[in-house]
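Residue-level listing of the chains:
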Amino acid sequence: MTDNGTYPLTYIGYYEAECRPVRGTVPIEEQVTIYVNGQTLVRLNCTPVLLEELALGLLFNEGLIEGIEDVAALELSPRGQCMDVWLRGEVELPQMRIITSGCSGGVTFEDAPVMLSQLASEMHILPQQVVGLMEQLTHGTLLYSRTGGIHTAALADGERILWTAEDIGRHNTIDKLAGICLREGHPSRDHILLTTGRVSSEMVHKAARMGVPVVISRTSPTSMSVRLAGTCGITLIGYTRRRSFRVYTHEERIVAAVREQ
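The rules behind these values
Residues numbered from 1 in each chain as written. Predicted model: local features only at pLDDT ≥ 70, side-chain atom pairs only at ≥ 80, totals over all residues. Heavy atoms only, no water. Salt bridge = Lys/Arg side-chain N within 4 Å of Asp/Glu carboxyl O. Buried < 20%, exposed > 50% of the residue type's maximum accessible area, 1.4 Å probe, protein only. Helix = DSSP H or I, 4+ residues; strand = E, 2+ residues; numbered from the N terminus. Pairing = 2+ DSSP bridges. Core = buried A, V, L, I, M, F, W, Y, C linked by side-chain atoms within 4.5 Å. Contact = heavy atoms within 4.5 Å. Axes fitted to C-alpha atoms, helices over the stretch in contact; angles between N-to-C directions. Expected span 1.5 Å × (residues − 1). Polar contact = N/O pair within 3.5 Å; in protein donor to acceptor, adjacent residues only side chain to side chain.

Colleague: In this structure, what is going on with the pattern of salt bridges? I would like to understand it.
Modeller: Any two side chains of opposite charge can pair, on the condition that their charged atoms come close. Counted under the stated rule, the structure contains 8 salt bridges. For Glu18, the salt bridge is made with Arg20, and the minimal N-O distance between the two is 3.3 Å. Assessed through its relative accessible area of 37%, Arg20 is described here as partly exposed. Arg183 is the salt-bridge partner of Glu53, the closest N and O atoms lying 3.7 Å from each other. One end of the pair, Glu53, is in helix α1 (residues 51–61); the other, Arg183, is in helix α4 (residues 170–184), with 130 residues separating them in the sequence. Here the salt bridges share partners, and the residues they tie into one network are Glu52, Glu53 and Arg183.

As structure tokens, then:
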């Protein structure tokens with residue numbers, strides 16, 4: 001195992017009538033347990049990079065913390081399989097866990113104390129920005145370019161990508177982004193979230209928690225994610241290609257879609 005999320009190995013490659021050993025890599029998958037104030041919160045299958053950011057972002061997106069100031073200490077075990085988070089105050093951990101959709105799916109909590117309201121944002125985006133940012137995301141997938149089998153998510157300001165996270169779990173990538181913003185003291189609000197994976201309802205929930213008014217995917221949303229994005233005031237875009245994309249909710253943020261009165 002290496003510290004960059006890749007696992008070196010030798011596989012047999014078949015090329016028409018020829019086969020030969022090939023040195024390559026696959027993405028690392030490990031189970032990491034997150035403890036909060038000494039109690040088990042969740043076990044996640046993930047790519048073991050940005051683990052502190054993953055823990056912070058998960059706690060924030062599930063409403064267990066409001067900011068980095070709520071965290072007293074983070075302790076990662078020497079083998080990287082346990083993350084202890086110590087908060088400055090007592091917190092009642094949620095009990096009803098929901099295993100989310102997709103391979104290596106994430107976890108959300110039905111009884112977590114998160115109240116979502118409709119986002120109020122003045123952000124608008126041009127069609128060329130939508131496709132341009134997705135092209136930037138595609139070119140910035142470091143782990144995917146080495147191994148394949150990795151999801152990528154990023155936060156952008158409309159012109160350029162600011163932060164990127166990769167993981168075998170698409171939900172984990174968003175939690176890692178939230179954790180990066182918390183640790184670096186940058187607000188996630190009024191940024192654009194890009195993802196290479198299918199957009200499920202819990203991913204829209206995380207975006208709303210982060211104050212993100214625009215979510216752009218390379219693939220499809222689900223029915224629940226469309227309904228939730230409509231309720232939360234999020235512009236949800238899917239199937240983004242070089243010359244086309246689909247807007248499922250709140251198309252008024254796409255400048256070309258705003259009709260003159």
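Colleague: It is not clear to me how the pairing of strand β10 (residues 161–167) should be interpreted in this structure. Could you clarify?
Modeller: Each regular strand carries side chains that alternate between the two faces of the sheet. Judged by how many residues are buried, β10 sits mostly within the fold: 5 of 7 residues are covered. Bridging between strand β9 (residues 151–156) and β10 involves 6 bridges; their strand directions are antiparallel. Looking at the pairing, Ala153 lines up with Ala165 of β10. Counting the residues between successive antiparallel strands, the hairpin from β9 to β10 contains 4 residues, one of them, Gly158, with a positive phi of roughly 110 degrees.

Colleague: How should I be thinking about the nonpolar core in this particular structure?
Modeller: Generally speaking, soluble globular proteins have nonpolar side chains that are buried together. In terms of nonpolar packing, the biggest core is built from 45 residues, with Ile34, Leu41, Leu193 and Ile234 touching the most fellow members. The element best represented in this core is α1, accounting for 7 residues. Contact partners of Leu193, with chain neighbours within four places excluded, come to Ala153, Ala154, Leu155, Ile174, Leu177, Ala207, Val212, Val214, Val215 and Ile216. In terms of nonpolar packing, the next biggest core, distinct from the first, is built from 15 residues, Ile125, Ala156, Leu194 and Val214 among them.

Colleague: Is there a simple way to think about the sheet that holds β10 in this case?
Modeller: Paired through backbone hydrogen bonds, the strands of a sheet run either parallel or antiparallel to each other. The 6 strands lie next to each other as β10-β9-β11-β12-β13-β14, forming an open sheet whose pairing is mixed. Both edges of this open sheet fall to β10 and β14 (246–249), since each of them pairs with a single strand only. Direction aside, the axes of adjacent strands within the sheet are offset by 20 degrees on average. When strand β11 (residues 192–195) meets strand β12 (residues 214–217), the two strands line up parallel, connected through 4 bridges. In the sheet register, Thr195 faces β12, and the bridge partner there is Ser217.

Colleague: Hey, could you run me through unusual backbone geometry in this one?
Modeller: Backbone phi values are negative for most residues with the exception of glycine, while trans is the configuration of most peptide bonds. A positive phi angle, near 55 degrees, is found at Leu50, a position not held by glycine. Relative to the elements of secondary structure, Leu50 occurs in the loop between β4 (39–46) and α1. Accessibility expressed as a relative area gives 32% for Leu50, which makes it partly exposed. With phi around 60 degrees, Asp190 is a residue other than glycine that occupies positive phi space.

Colleague: Just to check I follow, could you spell out the sheet that holds strand β3 (residues 30–36) for this structure?
Modeller: The strand order β4-β3-β6-β5 describes an open sheet built from 4 strands, whose pairing is mixed. Bordering the open sheet on either side are β4 and β5 (71–76), each of which pairs with just one other strand. On average, adjacent strands in this sheet sit at an angle of 20 degrees to one another, irrespective of strand direction. Sitting on the sheet, α1 is in contact with β3, β4, β5 and β6 (82–87), with an inclination near 120 degrees to β4.

Colleague: Would you mind going over helix α5 (residues 201–209) with me for this structure?
Modeller: The α-helix winds at 3.6 residues per turn, so residues separated by three or four positions along the chain end up facing the same way. Most of α5 sits out of view: 9 of its 9 residues are buried. Taken from the residues just after α5, Gly211 is the one with a positive phi, measuring 75 degrees.

Colleague: Help me understand helix α2 (residues 127–139) in this model?
Modeller: For α2, built from 13 residues, the straight-helix expectation of 18 Å at 1.5 Å per residue is met to within 8% by its first-to-last C-alpha distance of 19 Å. Taken together, the buried positions of α2 are occupied by Gln129, Val130, Val131, Leu133, Met134 and Leu137. Against the buried residues of α2 lie β9, β10, β11, β12 and β13 (235–238).

Colleague: Explain the side chain of Thr195 to me, please; I cannot follow it from the model alone.
Modeller: Relative to the helices and strands, Thr195 is located in strand β11. Side-chain polar atoms of Thr195 contact the backbone nitrogen of Gly197, separated by 3.1 Å. The residues contacting Thr195, other than those within four sequence positions of it, are Met134, Leu137, Thr152, Ala153, Met203, Ile216, Ser217 and Arg218.

Colleague: Can you help me understand the environment of Ile237 in this one?
Modeller: Assignment of secondary structure puts Ile237 in strand β13. Counting along the chain gives 43 residues from Ile237 to Leu194, while the straight-line C-alpha distance between them is 9.5 Å. Apart from residues lying up to four places away in sequence, Ile237 is in contact with Val130, Val214, Val215, Ile216, Ser217, Phe245, Arg246, Val247, Tyr248 and Ile254.

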